[in-house]
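# Tertiary structure, described
The residues making up each chain are set out below.
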Amino acid sequence: SGLESYDIATKTFKELNKKFLGDRRGDTRTMFGMLLLPNKEILVCGGGNYDLFGAVKDPILMTPNGKDENGTTKYSRKRLAPHVQPRLYHSMIMLLPDARVISMGGNTGRAGVYTDINISKPNPYGGQRKYNPERVNRELYFITDSTYGEGVGNVATENWIPEIFSPPYLFITPGRRAAITSVKWKSPRAGGPRPPQGYTAEGTVADKTYYLLHSAQIYTLELADLPQENMCTTTTSAGSVVLMKNGAVTHGWDSGQRMYELAITSTGQQSTIEVTIPDQEVSLMAPGYYMLFYVDCLGKPSKARMCRFDNNALTI
């Protein structure tokens, strides 16, 4: 659970922080998920002291807190309300459009359903066997310990029970939440290309509104239910607007996680703001589907507006 950097030129790792996730013995985790949140915090969730048992159930919220002498971002850590289910091998977490987090899956070893196999000996099959539903003992498969999980609590071989987690930012000023009510294309940024003829920023699919975004373009956002002005400081009053790439998790890992903070051209807290989409080539922004969040001056995100980023598309 330490933090390391990797030097591509020398192909070597350098240890930056041996206790990145905490000082407790139980903070040593494997098979956990790390999720970017719209307010730039990181949520660490799930995993265990070992791949297949010893579940760690308390999430850790990591908040950026300056940089160290090496220029590495420092984080303050806070333990949050524990989840109920063990989230081990094959577990995942994913950001939802309402800014909550879904936690799902986890198994203690698919081989656990093969009770006739002695796992203390080398695998006689030369690799992991395919799941065979005809050999499943449902009592073992869904309820009691698997072979791998024996003696460490009621850990099913596969966990099909999802949980929804509400990060602390959703409890800021209960009963009020900023909203993005519309997104409209305005113009190219200075020196930017104009979208091709026929480009339409807004479209409807299955009675729901989606937005098509192009590189280096300015869009006008209409906002509602903002905090009272006296709640905001001068440095954060405009809030922030971020694009979060839709999740695609496998084996507890989402290598496609991306956050792009959009430049806001207006100043102060306003119900109408203008934002600029980054240049695709400069920012290495991949085409695909994103969630557009407005994070108010108190750090509370709106519900997302669903967007597609694709310079080659004219309509949703």
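Remember, predicted model here, so these are calculated numbers, not experimental data.

## Looking at the overall build of the protein
Each helix and strand counted, the protein has two helices and 18 strands in total. With 316 residues in all, the protein has 40% of them scored as buried. Contacts spanning at least 24 positions in sequence make up 60% of the contacts within the protein whose residues lie at least 6 apart. Working note: accessible area of the protein is about 17500 Å², and carbon and sulfur atoms make up 52% of it.

## Re the confidence of the model for the protein
With 82% of its residues at a pLDDT of 70 or more, the protein shows a mean pLDDT of 83. Low pLDDT, under 50, characterises residues 111-122; the stretch is placed with 20 contacts to residues that sit more than four places away or in other chains. Across residues 135-155, where pLDDT falls below 50, the model places 50 contacts with residues more than four positions away in sequence or in other chains.

## Things to note about the nonpolar core
Formed by 25 residues in total, the largest nonpolar core has its most connected members in Tyr-219, Leu-221, Val-241, Leu-243, Ile-277 and Leu-292. Secondary structure elements with two or more residues in this core: β10 (179-188), β12 (208-213), β13 (217-224), β14 (240-245), β15 (259-264), β16 (272-276), β17 (288-295) and β18 (305-309). Not counting residues up to four positions away in its chain, the partners in contact with Ile-277 are Leu-213, His-214, Ser-215, Ala-216, Gln-217, Tyr-219, Leu-243, Leu-262, Met-285 and Phe-309. Leu-37, Leu-61, Leu-95 and Val-101 belong to the second-largest nonpolar core, a separate cluster that totals 18 residues.

## Remarks on unusual backbone geometry
Although it is not a glycine, Lys-40 adopts a positive phi angle of roughly 80°. Within the secondary structure layout, Lys-40 lies in the loop between β3 (33-36) and β4 (42-45). On the accessibility criterion, Lys-40 (37% relative accessible area) is partly exposed. Even without a glycine there, the phi angle at Ala-99 is positive, about 75°. The residue Ala-99 is located in the loop between β7 (91-95) and β8 (101-105) in this model. Residue Ala-99 is classed as buried on the basis of its relative accessible area, which comes to 0%.

Rules used throughout
- Residues numbered from 1 in each chain as written.
- Predicted model: local features only at pLDDT ≥ 70, side-chain atom pairs only at ≥ 80, totals over all residues.
- Heavy atoms only, no water.
- Helix = DSSP H or I, 4+ residues; strand = E, 2+ residues; numbered from the N terminus.
- Buried < 20%, exposed > 50% of the residue type's maximum accessible area, 1.4 Å probe, protein only.
- Contact = heavy atoms within 4.5 Å.
- Areas by Shrake-Rupley, 256 points an atom, 1.4 Å probe, with all protein chains shown as cover.
- pLDDT = per-residue confidence, 0-100.
- Core = buried A, V, L, I, M, F, W, Y, C linked by side-chain atoms within 4.5 Å.

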